[in-house]
Amino acid sequence: MAQALRRNTAGSLFATDGKAHPLQDTLLGVTLILGAIAFISAQFHNLHLLSSWTGLVGIGTAAWGQFVSETTRERFGLIVGLGASAVGFFLGMAHGGLFGGLW
């Protein structure tokens, strides 16, 4: 019956150590949202400004999140968001770049 005495550490989706990580969870959420926006908008040629800028900011937030992350779940989500942001950024750059068509 040792299982009945164990603490439930899976109370939070991202905190596997049983502690609250508000900064890391915020960075994870922002990175995932920016990555989704960058990836989806990169599929449309005329949205290259949106995809390249959100991808660039998403890469930055993912890098900072990796620097301060404390659990494996946070790091996993940050890598997923980083990949989506990078794909969106690179496709946005290929379609016209950060300032393409403004000058």
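Residues numbered from 1 in each chain as written. Predicted model: local features only at pLDDT ≥ 70, side-chain atom pairs only at ≥ 80, totals over all residues. Heavy atoms only, no water.

## What to know about the packing of aromatic side chains
Scanning all chains against the criterion turns up three aromatic pairs. When the ring of Trp64 is compared with that of Phe67, the centres are 5.4 Å apart and the planes differ by 35 degrees; the resulting orientation is tilted. Of the two residues, Trp64 and Phe67 are both situated in helix α2 (residues 48–68); the distance of three residues between them amounts to about one turn of the helix. (Phe/Tyr/Trp six-rings, centres within 6.5 Å; stacked < 30°, edge-to-face > 60°. Helix = DSSP H or I, 4+ residues; strand = E, 2+ residues; numbered from the N terminus.)

## Here we look at the packing of helix α1 (residues 22–41) against helix α3 (residues 72–95)
In the contact formed by α1 and α3, the axes pass within 7 Å of each other and the chain directions differ by 30 degrees. It follows from the interaxial angle that α1 and α3 lie roughly parallel. In terms of crossing hand, the pair formed by α1 and α3 is left-handed. Here Gln24, Asp25, Leu27, Leu28, Thr31, Leu32, Leu34, Gly35, Ala38 and Phe39 of α1 lie close against α3, whose contacting residues are Glu74, Gly77, Leu78, Val80, Gly81, Leu82, Ala84, Ser85, Val87 and Gly88. (Axes fitted to C-alpha atoms, helices over the stretch in contact; angles between N-to-C directions. Parallel < 35°, antiparallel > 145°, perpendicular 65-115°, else oblique. Left-handed = near helix turned anticlockwise from the far one by under 90°. Contact = heavy atoms within 4.5 Å.)

## Some points on the environment of Leu98
Following the sequence through the fold, Leu98 ends up in the segment after α3. Look at Leu98 and you get buried, because its relative accessible area is 16%. Ignoring anything within four residues of it in the chain, the contact list for Leu98 reads Leu49, Ser52, Trp53, Leu56, Phe89 and Met93. (Buried < 20%, exposed > 50% of the residue type's maximum accessible area, 1.4 Å probe, protein only.)

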